[in-house]
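Chain by chain, the residues run as shown.
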Amino acid sequence: MVSNVAPVIAELEPEDFHLLSGIEQGMRFSEWVSREKIPEFARMTVEDVDYRLDRCEDRGLIERKTIQYQGFSLTFEGYDALALHTFAERESIQGVGSSLGVGKESDVYEVQSYKPLALKYHREGYTNFREVMREREYTADREHVSWLYTARKAAEREYTALEELYPGVSVPRPVDHNRHAIVMERMDGVELSRTKLEDQQVRPVLDLILDEVQNAYEAGYVHADMSEYNIFVGESGVTVFDWPQAVPTEHENARELLERDVTNILGYFTRKYPHAIEDVEDTTVAAAIAEGRFDSIDSDET
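Residues numbered from 1 in each chain as written. Predicted model: local features only at pLDDT ≥ 70, side-chain atom pairs only at ≥ 80, totals over all residues. Heavy atoms only, no water.

**Re the packing of helix α8 (residues 199-218) against helix α9 (residues 254-272)**
Worth spelling out the cut-off: Interaxial angle, 0 to 180 degrees, is taken between N-to-C directions of lines fitted to C-alpha atoms, where a helix line uses only the stretch in contact. For the purposes of this entry, the term helix denotes a DSSP run of H or I that reaches at least four residues, the term strand denotes a run of E that reaches at least two, and both are numbered from the N terminus. For classification purposes, an angle smaller than 35 degrees is called roughly parallel, one larger than 145 roughly antiparallel, one from 65 to 115 roughly perpendicular, and anything else oblique. Contacts: residue pairs with any heavy atoms within 4.5 Å of one another. Polar here means any residue other than Ala, Val, Leu, Ile, Met, Phe, Trp, Tyr, Cys and Pro, which are nonpolar, and Asp, Glu, Lys and Arg, which are charged; Gly is therefore polar.
It is at 11 Å that the axes of α8 and α9 come closest, and there the two elements cross at 170°. Taken together, the axes of α8 and α9 lie roughly antiparallel to each other. In this structure, α8 contributes V202, V205, L206, I209, L210, V213 and Y217 to the contact, and α9 contributes L258, V262, I265, L266 and F269. For the contact of α8 with α9, the class distribution of residues is 12 nonpolar, no polar and no charged.

**Quick notes on helix α2 (residues 14-26)**
Quick reminder of the rule: Helix span, expected: 1.5 Å multiplied by one less than the number of residues in the helix. Only protein chains enter the accessibility calculation, which uses a 1.4 Å probe. A residue is then buried if its area is under 20% of the maximum for its type, exposed if over 50%, and partly exposed in between.
Between its first and last C-alpha, α2 extends 19 Å over 13 residues, near the 18 Å set by a 1.5 Å rise per residue. Every buried residue of α2 is listed here: D16, F17, L19, L20, G22, I23, E24 and G26.

**A closer look at the sheet that holds strand β5 (residues 106-112)**
What counts here: Pairing between two strands is assigned when DSSP locates at least 2 bridges connecting them.
On the basis of which strands lie adjacent, the open sheet formed by 5 strands has the order β4-β5-β6-β8-β7 and antiparallel pairing. Both outer strands of the open sheet, β4 (95-102) and β7 (174-178), are each paired with one neighbouring strand and no more. Sheet twist, expressed as the average angle between the axes of neighbouring strands with direction ignored, equals 25°. Bridge count for β7 against strand β8 (residues 181-185) is 4 bridges, and the pairing is antiparallel. By the bridge assignment for β8, P174 is matched with M184. Sheet strands touched by helix α5 (residues 76-90): β4, β6 (117-122), β7 and β8. Its angle to β7, the strand with the most contacts, is close to 130°.

Spatial relationships are all this shows, so hold off on functional conclusions.
This is the structure in structure tokens:
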């Protein structure tokens, strides 16, 4: 998506971004923004809106649908263009490079800047909207929730967590945030799920991961979605990423989510390296507590 949008941005004029921003504003109230309301949202004349609608639709930045009225909606490419435009104006990035990873809920690209950076676009709600509505608590108190809102809130939550965790916890350094996108330091290493450790490396890497879970807990956060797919292993250690579902430690379900995180990690290691860590008998948070981790949790509650 982003790789297709970046070249288009050079073709866009300021008024095109005004139109996209106007449709974005209208989507706060309805999935499809009535053509008649767009001039008000975009602060443009009817004639200029008509011209810009055609330009942006031809470039795949918006789509139209005739229901009880003719409505328009941003595509994710259009939302991407707005965020990219903002980052360029702030000089956070100078260009977008190749894809670093495409997942169900996010796309990550390398960024041309003063140092190796990564650009992460949240995609929550676009293809699995009903599932996200059920799972994300920040959608519970809103009458109208669009995929723009769910993606933006996910990015906001992740960026806030990164700001509060870095540098005490080994997470990507946050650089900038706009809408559903985050610019962060590019991680070095290999995803844990694709890493083949030697037997003598297994327990030290596991310890490093549990250390970061503990550091995050002491900093006030539980990851809440920890797995072998959001940990990078490199020469300098491990890096934990993907924090949009993180919850503060005072959250009512923090203890349960912490247990699940630790259970997931210990379970992964015992399945993949059973002989290297055969001394870990209990794949629950109790095993980590028994080793002196998470001292602030009362082990009697386990």
